[in-house]
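In case you want the letters, here they are:
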Amino acid sequence: MHLSEPDTPRRDVIVTSTMVPKALAAAVLAGLPAQAGLPGGEAIRDTAFTVVFFSILLTAVLVWASERPPLRAFYATAFRRFAAGAEALPRQSADQVGNAAATA
């Protein structure tokens, strides 16, 4: 399944769009200057950790809010080219994904 396909259920696209702001890699990399003892390394690390925390908090709020009428209307307009059905497509097992990759 590709999220760029119009037959992707709109709900899947909405939930995926709210999950994008994850920044674990940024948090890990932001700790390197502090570990190396560089001046200002702690400030870089602390700033990145704060951004990651608020990103996760914002994601939780957006997932909840995407089910509420005001934001649902916005997403319905923004993602109108996607299928309106709320049901998700069936998930593929790891074996099915592996078999599909092997036959491609």
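Below is a short write-up of the structure. The shown structure was predicted, so the numbers you read here are calculated from the model rather than taken from an experiment.

1. Some details on the overall build of the protein chain
Then comes step 1: Counting its regular elements, the protein chain contains five helices and zero strands.
Then comes step 2: Going from N to C terminus, the protein chain has its helices and strands arranged as α-α-α-α-α.
Then comes step 3: Of all 104 residues assigned to the protein chain, the portion counted as buried reaches 21%.
Then comes step 4: Taking the intrachain contacts of the protein chain between residues at least 6 apart in sequence as the baseline, contacts between residues at least 24 apart amount to 68%.
Then comes step 5: Surface summary for the protein chain: the accessible area is close to 7,400 Å², and the carbon and sulfur share equals 68%.

2. Considering the packing of helix α2 (residues 24-35) against helix α3 (residues 41-65)
A pair of packed helices is characterised by two quantities: the angle between their axes and the separation of those axes.
Then comes step 1: Packing of α2 against α3 brings their axes to within 7 Å, and their N-to-C directions diverge by 165 degrees. Relative to α3, the element α2 lies roughly antiparallel. In the packing of α2 onto α3, the handedness of the crossing is left-handed. Here α2 contributes Ala26, Ala27, Ala30, Gly31, Pro33 and Ala34 to the contact with α3, which in turn contributes Gly41, Glu42, Ile44, Arg45, Ala48, Phe49 and Val52.
Then comes step 2: Across the contact of α2 with α3, the residue classes tally to nine nonpolar, two polar and two charged.

3. With respect to the pattern of salt bridges
Then comes step 1: Per the stated rule, a full pass over the model turns up one salt bridge.
Then comes step 2: In this structure, Arg45 engages Asp46 in a salt bridge whose closest nitrogen and oxygen atoms are separated by 3.2 Å.
Then comes step 3: The partly exposed category is assigned to Asp46, whose relative accessible area is 39%.

4. Quick look at the packing of aromatic side chains
Then comes step 1: If you walk through the whole model with that rule in mind, you get three aromatic pairs.
Then comes step 2: Their ring planes at 75 degrees and their centres at 5.1 Å tell us that Phe53 and Phe54 sit as a pair that is edge-to-face.
Then comes step 3: By relative accessible area, which is 48% here, Phe54 ends up partly exposed.
Then comes step 4: Taken together, the ring pairs in this structure connect Phe74, Tyr75 and Phe79 into an aromatic cluster.

Conventions and cut-offs
- All residue numbers refer to position in the chain's written sequence, counted from 1.
- For this predicted model, a pLDDT threshold of at least 70 governs which residues receive local features, and a threshold of 80 or more governs which side-chain atom pairs are given and counted, while totals over whole chains, interfaces and linings are taken from all residues.
- In computing side-chain values, all of the structure's heavy atoms are included and hydrogens and water are not.
- Secondary structure elements are taken from DSSP: a helix is a run of H or I of four residues or more, a strand is a run of E of two residues or more, and numbering for both begins at the N terminus.
- Throughout this description, buried means an accessible area under 20% of the type-specific maximum (1.4 Å probe, protein chains only), exposed means over 50%, and partly exposed covers the range between.
- A contact between two residues is defined here by any heavy atoms of the two lying within 4.5 Å.
- For the area figures, the Shrake-Rupley method with a 1.4 Å probe applies, and any residue is considered shielded solely by the protein chains shown.
- Lines fitted to C-alpha atoms define the axes here, with helix axes fitted over just the stretch in contact, and angles between the N-to-C directions of these axes take values from 0 to 180 degrees.
- With respect to orientation, any angle under 35 degrees is reported as roughly parallel, any angle over 145 as roughly antiparallel, any angle of 65 to 115 as roughly perpendicular, and every other angle as oblique.
- A crossing counts as left-handed when the near helix is turned anticlockwise from the far one by less than a right angle, and as right-handed when that turn is clockwise.
- All amino acids are sorted into three groups, where Ala, Val, Leu, Ile, Met, Phe, Trp, Tyr, Cys and Pro are nonpolar, Asp, Glu, Lys and Arg are charged, and the leftover types, Gly among them, are polar.
- We define a salt bridge as a contact between a side-chain nitrogen of Lys or Arg and a carboxyl oxygen of Asp or Glu at a distance within 4 Å.
- To pair, rings of Phe, Tyr and Trp, with the six-membered ring standing in for Trp, must have centres within 6.5 Å; the planes then decide the type, stacked if under 30 degrees apart, edge-to-face if over 60, and tilted in the middle.

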